[in-house]
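Secondary and tertiary structure notes
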Amino acid sequence: EEAVLGDLGKVWITERISFKSFPACFIDHTSMEGVRKLVNENHIKPEEIDEIVAYGDPLMQTPNRFPKEIRTNEDAQFAHSYLFAMAACHQETAGPQWVMPSSFNDPVIKTLMSKVKVKIHPRAAEITAEKLKAGAYSNFRNVIVEITARGKTFSTEVAVAKGEPADPMTPAEHANKFMLNASYSPLKRDRAEQIMETVSKLDKLASTVELTTLLAAV
């Protein structure tokens, strides 16, 4: 009882929630954030990329993350090469489009996938030990991303993924994500906008029926 109710009203677990800015396993989010950053800051075009290398968590080496071909929704969410290629080419449409055959079979994406490498972060053991010593979860998000293009190698290190409490998504980013996802659903745009408006005043609703009614497919 103490574990559940002891800090009721004092500690808000919702403040620790992470939101995904990419439709993928969270272990890849810092890598995709690094790819997005390098491509945007250096105006790198997909056809200019010779290689993408990510140095990250040893768990990124598990075999299920290296399929030779993307065939399913699950492949699309876990395959490093596919996700990094999509981050380089379609970062602004990170949503349902990413798990569709039209994206799996895009020749540009397939070509870029062959240029992706994933290696273990050079400080993996050190970072894990530091987190364990601090009482934190042993897995880490730290990643070094390198993109070789136009005869140069561009590099960045990302420790926190966009959407984590340390780097939260803005209200506008949440709204854009919702509207993008809703555009692939049976909901009309005006209904989706109504839902956003209702959620913004959730604490003032007399009943949640007002919201659940709007969520019903029409």
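Above this text is the structure in question.
In this convention, every chain numbers its residues from 1, walking through the sequence in written order. Side-chain atom pairs in this predicted model are given and counted only at pLDDT of 80 or more, local residue features only at pLDDT of at least 70, and totals for whole chains, interfaces and linings cover all residues. Computation of side-chain values covers all heavy atoms of the structure but excludes hydrogens and water.

1. Considerations on the pattern of salt bridges
Let me state the cut-off plainly: The term salt bridge refers to a side-chain nitrogen of Lys or Arg lying within 4 Å of a carboxyl oxygen of Asp or Glu. The secondary structure listing takes helices from DSSP runs of H or I that are at least 4 residues long and strands from runs of E that are at least 2 residues long, numbered from the N terminus. Buried residues are those whose accessible area, probed at 1.4 Å on protein chains only, stays under 20% of the maximum for their type, while exposed residues exceed 50% and partly exposed ones sit between those limits.
Under the defined criterion, the tally for this structure stands at ten salt bridges. Here Glu48 makes a salt bridge to Arg150, at a shortest N to O gap of 2.8 Å. A residue pair is termed long-range when its members are at least 10 positions apart, and Glu48 in the loop between α2 (29-42) and β1 (49-56) and Arg150 in the loop between β3 (143-149) and β4 (152-158) qualify at 102 residues. Judged by its relative accessible area of 42%, Arg150 falls in the partly exposed class. Taking the shortest distance from any N to any O, the salt bridge between Arg123 and Glu130 comes out at 3.7 Å. Given the relative accessible area of 33%, Arg123 is considered partly exposed. Beyond isolated ion pairs, a larger network of salt bridges with shared partners links Arg123, Glu126 and Glu130.

2. Considering helix α4 (residues 80-89)
Operational definition: Contact between two residues is taken to exist if any of their heavy atoms lie within 4.5 Å; hydrogens are not considered.
With respect to burial, α4 is a largely interior element, nine of its ten residues being buried. By the burial criterion, the buried members of α4 are His80, Ser81, Tyr82, Leu83, Phe84, Ala85, Met86, Ala87 and Ala88. Packed against the buried residues of α4 are α2, β1, α3 (73-78), α5 (101-104), α6 (107-113) and β2 (116-120).

3. Looking at the sheet that holds β3
Convention followed: Note on pairing: DSSP must find at least two bridges between two strands before they are called paired. Axis definition: a line fit to C-alpha positions, over the contact stretch in the case of helices; interaxial angles, taken between N-to-C directions, run 0 to 180 degrees.
One open sheet holds the four strands; their spatial order is β2-β1-β3-β4, and the pairing between them is mixed. The sheet is open, and its two borders are formed by β2 and β4, each paired with just one other strand. Across the sheet, the mean angle separating the axes of adjacent strands is 15 degrees when strand polarity is ignored. Where β1 meets β2, five bridges bridge the pair, whose relative direction is parallel. Pairing of Gly56 across the sheet is with Ile120, part of β2. Sheet strands touched by α4: β1 and β2. Its angle to β2, the strand with the most contacts, is close to 120 degrees.

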